[in-house]
Amino acid sequence: MKMKRNIFLSLCILSLSVIWIGCEKSNYPGGVVSPYIPIFDLRSLYKGADLNLTVDNMFGSSKISAVVVSDHSGNNLPEGLLIVQDKKRLNELRGISIPIGPEAANYVPGDSVVVEIAGGVLKRVDGLLQITGVDASKVTKVASGKNIPVNRVGSNLILANPDKYESTLVAIVKAGFDPIPAPTEVYAGDKVINDGFDNLTLHTASNATFANNSGLLFLANYYGVVISKQNAEGNLVPELRVRTLNDIIPLSSSPEIADVIISGFINDVIGGDGNYEYVQLLATKDIDFSVTPYSVVFSNNAGTSQPTGFPTNGWATGGGATSFRTYKFNLTSGTAAKGTFFYVGGSAKLINGANSTSISTANWIRSFNYTTTNGDGFGTRTSGLMANSGNAFGIAVFKGTNVTRDTQPIDVIFVGAGGSLLSSTNPPVGYRIANTDYYDVVNPITLESQPFYRQGSNTLNLNYTTPTDAGFFYKLGGIYNPTLGRWVRARTQTTIILTKTSTLEEIEGIFPAPTTDNPDGVSPTTLR
């Protein structure tokens with residue numbers, strides 16, 4: 001009996017020990033709240049009304065630790081604002097503005113600061129979220145020269161969510177003015193820039209050090225801080241403010257106008273593909289091909305395509321005895337009016353393979369039976385110009401008919417990314433690209449040369465559609481401005497499921513009547 005009692009007491013003591021240890025673990029001192037609140041969390045506290053910041057409503061924190069992005073040496077930021085950003089929550093970059101008066105000019109981009117914000121007020125001032133009631137004595141610089149990674153953001157994203165990007169440093173890449181400014185025009189005031197995604201206001205204050213500088217660039221990168229204002233309806237309206245003239249990086253001083261652009265194609269008709277594939281192109285000016293010839297080249301990089309390996313001669317690689325790597329059509333006759341579609345491909349001229357609707361009434365500039373005829377200059381006759389899946393295929397348009405390994409196209413698009421496309425040799429071997437909505441001959445961020453597909457930032461491509469053999473037509477939307485010589489809205493991939501009875505209107509659409517904004521009467525989804 002005594003032994004049982006001792007066992008019982010031992011078990012009780014053991015149980016109490018386990019409970020005590022468990023309690024100790026639950027109060028582990030490692031769970032102390034950080035004194036620094038991420039700016040992401042701080043901004044989320046604002047619900048539309050002024051908020052007095054306290055340790056309690058900041059979850060036990062009282063400070064922010066961030067990197068300065070403001071630079072007042074150019075006099076183009078709101079006076080007295082210290083603008084900082086961090087990326088401490090969910091890897092999400094957020095910024096905040098703090099009015100501390102003239103002392104804000106003492107801080108430069110890359111300074112790391114700690115700011116005591118408890119006791120301040122989170123509020124919108126003229127549309128911009130700020131922490132007011134915090135003076136310069138609450139700011140401590142703890143380091144300088146911190147690297148600020150480039151944050152490339154499309155203008156469409158900023159317009160869609162100004163609150164996310166305000167008070168942060170962004171890079172608007174490959175942007176041009178719309179309309180093109182006169183040579184004597186200066187930066188002062190509000191100017192519209194377009195980066196291929198949407199229009200964004202570039203604001204330059206009248207007292208900015210560069211306000212009266214002329215020679216506005218045709219194409220440039222703009223590094224600046226997003227500042228929000230509120231319109232009459234209470235909606236946030238973002239604008240970009242470069243801090244100094246050094247925030248504007250020139251890319252081009254004149255337009256590169258593509259007279260022909262790729263607007264669609266069908267690579268996988270219902271049934272056999274041979275002699276039924278075609279590409280739809282759009283003329284951006286009136287063209288007489290007998291006077292100004294062009295060419296279209298297809299690239300197929302299936303593992304069995306010949307020659308195998310990397311395309312030694314780029315788009316001019318041609319083909320082997322039984323299959324091709326690249327295949328060319330010369331466009332040397334016929335005409336195309338500005339803003340109209342024309343076609344290149346198989347001689348069948350049917351919309352979706354055998355026994356489908358004839359589209360022979362469309363403007364066919366070059367068509368022949370590529371299953372029985374070699375290409376114009378290079379390319380072995382083939383049962384398929386474009387792949388249906390697997391490795392990448394490409395389409396390129398060239399001005400002229402003499403295409404060599406060094407010839408740069410005027411437009412190019414790729415579907416897929418697999419296969420032997422780019423060698424690592426010096427110099428590299430691959431398919432040259434053009435300056436388009438998808439590709440850049442010079443990297444717009446690093447300014448390094450990258451003339452080939454899959455080199456540097458040239459990694460964008462369209463995707464194969466599934467299932468195969470379904471009759472998908474790839475319709476490439478977007479807006480091309482031939483006056484600016486660039487895409488003001490990048491192309492997007494839209495697939496139209498064709499049937500055997502589909503009509504030409506399904507892939508061309510109905511052109512609107514001419515208007516003042518659209519004097520040529522061409523489709524605003526393709527040309528402006």
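Placed above this text is the structure.
What you see is a predicted model; the values in this text were computed from it and never measured.

### Quick word on the overall build of the protein
The secondary structure content of the protein amounts to 5 helices and 28 strands. Compactness check: the protein gives a C-alpha radius of gyration of 30 Å against a globular reference of 24 Å for 528 residues, more than 25% above the reference. Overall size of the protein, expressed as C-alpha extent along the three principal axes, is 95 × 90 × 50 Å. Counting only residues that meet the buried cut, the protein has 50% of its 528 residues in that class. Accessible area of the protein: about 23500 Å², with a carbon and sulfur share of 53%. Charge-centre separation for the protein: the mean point of 40 positive side chains lies 9 Å from the mean point of 42 negative side chains.

### Side note on a nonpolar patch on the surface
Side chains of Leu251, Val442 and Leu447 sit close together on the surface and give an oily, nonpolar patch of about 220 Å² of accessible area. Looking at where Val442 falls in the secondary structure, it is placed in the loop between strand S24 (411-415) and strand S25 (472-476). When its relative accessible area of 39% is taken as the criterion, Val442 is described as partly exposed.

### A short note on the pairing of strand S16 (residues 278-283)
Within S16, 6 of the 6 residues are buried, which leaves the element mostly enclosed by the surrounding structure. Burial along S16 is two-sided: the face carrying Tyr278, Gln280 and Leu282 and the face carrying Val279, Leu281 and Ala283 are both buried. Pairing analysis gives 6 bridges linking strand S15 (residues 260-268) to S16, with the strands arranged antiparallel. When the sheet's bridge partners are listed, Ile266 is paired in S16 with Tyr278.

### Remarks on the nonpolar core
Core analysis: the largest hydrophobic core is formed by 50 residues, its most contacted members being Phe265, Val279, Leu281, Val296, Trp315, Phe342 and Ile395. Elements that contribute at least two residues to this core include exactly S15, S16, strand S18 (294-300), strand S19 (326-331), strand S21 (341-345), strand S23 (393-399), S24 and S25. One finds Leu45, Ile98, Val115 and Leu122 within the second-largest nonpolar core, a separate group that totals 26 residues.

### Concerning the environment of Asp86
With respect to the secondary-structure elements, Asp86 resides in strand S3 (residues 81-89). Spatially, the C-alpha atom of Asp86 lies 7.1 Å from that of Pro38, the residues being 48 residues apart in sequence. Ignoring any residue separated from it by four or fewer positions in sequence, one finds Asp86 in contact with Ile37, Pro38, Ile39, Phe40, Ser65, Ala66, Glu92, Leu93 and Arg94. A polar contact of 3.1 Å, which involves the side chain of Asp86, links it to the backbone nitrogen of Ile39.

### Some details on unusual backbone geometry
The peptide bond linking Asp178 to Pro179 adopts the cis configuration, its omega dihedral lying at 5°. In this structure, the amide linkage connecting Gln306 to the following residue, Pro307, adopts the cis form with an omega of -5°. Structurally, Pro307 can be placed in the loop between S18 and S19. Look at Asn75: it is not a glycine, yet its phi comes out positive at around 55°.

### A closer look at the sheet that holds strand S22 (residues 364-367)
Here we have 6 strands laid out as an open sheet, ordered S22-S21-S16-S15-S25-S28, and mixed in their pairing. Of all the strands in the sheet, just S22 and strand S28 (493-497) have a single pairing partner and so form its edges. Recorded for the sheet is a direction-independent mean angle of 20° between the axes of neighbouring strands.

### Considerations on the side chain of Thr436
The topology assignment puts Thr436 in the loop between S24 and S25. With residues up to four places along the chain from it excluded, the contact list for Thr436 reads Lys174, Asp411, Val412, Trp487 and Arg491.

### Re the pairing of strand S11 (residues 199-204)
One face of the sheet, then the other: side chains in a regular strand alternate in exactly this way. Where strand S10 (residues 189-194) lies against S11, 6 bridges are found, and the strand directions are antiparallel. Directly across from Gly189, in S11, lies its bridge partner Thr204. What sits between S10 and S11 in their antiparallel hairpin is a turn of 4 residues, with Gly196 showing a positive phi close to 90°. When S11 meets strand S13 (residues 236-242), the two strands line up parallel, connected through 2 bridges. Residue Leu202 lies in a different strand from S13, and its bridge partner there is Leu240.

### Re the pattern of salt bridges
All told, the structure shown has 20 salt bridges when counted by the stated rule. A salt bridge links Lys164 to Glu92; its shortest N-O distance comes to 4.0 Å. Taken together, the positions of Lys164 in helix H4 (residues 162-165) and Glu92 in strand S4 (residues 92-99) put the pair 72 residues apart, joining distant regions of the chain. Judged by its relative accessible area of 26%, Glu92 falls in the partly exposed class. The salt bridge involving Arg432 is made with Asp406; its shortest N-O contact spans 3.5 Å. Linking Arg432 in the loop between S24 and S25 with Asp406 in the loop between S23 and S24, this pair joins segments that are 26 residues apart in sequence. The exposure class of Asp406 is exposed, given its relative accessible area of 52%. Where salt bridges share partners, they join Arg43, Arg124, Asp163 and Glu166 into one cluster.

Analysis parameters
Throughout, a residue's number is its position along its own chain's written sequence, starting from 1. Residue-level local features of this predicted model are given only where pLDDT is at least 70; pairs of side-chain atoms are given and counted only at 80 or more, and the full residue set underlies all totals for whole chains, interfaces and linings. Side-chain numbers here rest on the full set of heavy atoms in the structure, without hydrogens or water. A helix here means a DSSP run of H or I that spans at least four residues, while a strand means a run of E at least two residues long, and both kinds are numbered starting from the N terminus. The globule rule used for comparison is 2.2 Å times the number of residues to the exponent 0.38, while the radius of gyration itself is calculated over C-alpha atoms. Exposure is judged per residue with a 1.4 Å probe applied to protein chains only, and the accessible area is read against the type maximum: over 50% gives exposed, under 20% gives buried, and values in between give partly exposed. The accessible surface values rely on the Shrake-Rupley method and a 1.4 Å probe; as for residues, cover is taken only from the protein chains in view. Positive: Lys, Arg. Negative: Asp, Glu. His and the chain ends are not part of the count. Working definition for charges: the position is that of NZ of Lys, CZ of Arg, CG of Asp or CD of Glu. Like charges are joined within 9 Å and nonpolar side chains (Val, Leu, Ile, Met, Phe, Trp, Tyr) within 5 Å, but only among residues with over 30% relative accessible area and no salt bridge; these make up the patches. What makes a salt bridge here is a side-chain nitrogen of Lys or Arg within 4 Å of a carboxyl oxygen of Asp or Glu, nothing more. Any two strands with at least two DSSP bridges between them are considered paired. Side-chain atoms within 4.5 Å link the members of a nonpolar core, which is a set of buried Ala, Val, Leu, Ile, Met, Phe, Trp, Tyr and Cys residues. Contacts are assigned to residue pairs that have any heavy atoms within 4.5 Å of one another. Think of a polar contact as two N or O atoms within 3.5 Å of one another; within protein, one of them needs to be a possible hydrogen donor and the other a possible acceptor, and neighboring residues in sequence only count if both atoms come from side chains. Angles shown run from 0 to 180 degrees and are taken between the N-to-C directions of axes, each axis being a line fitted to C-alpha atoms and, for helices, limited to the stretch in contact.

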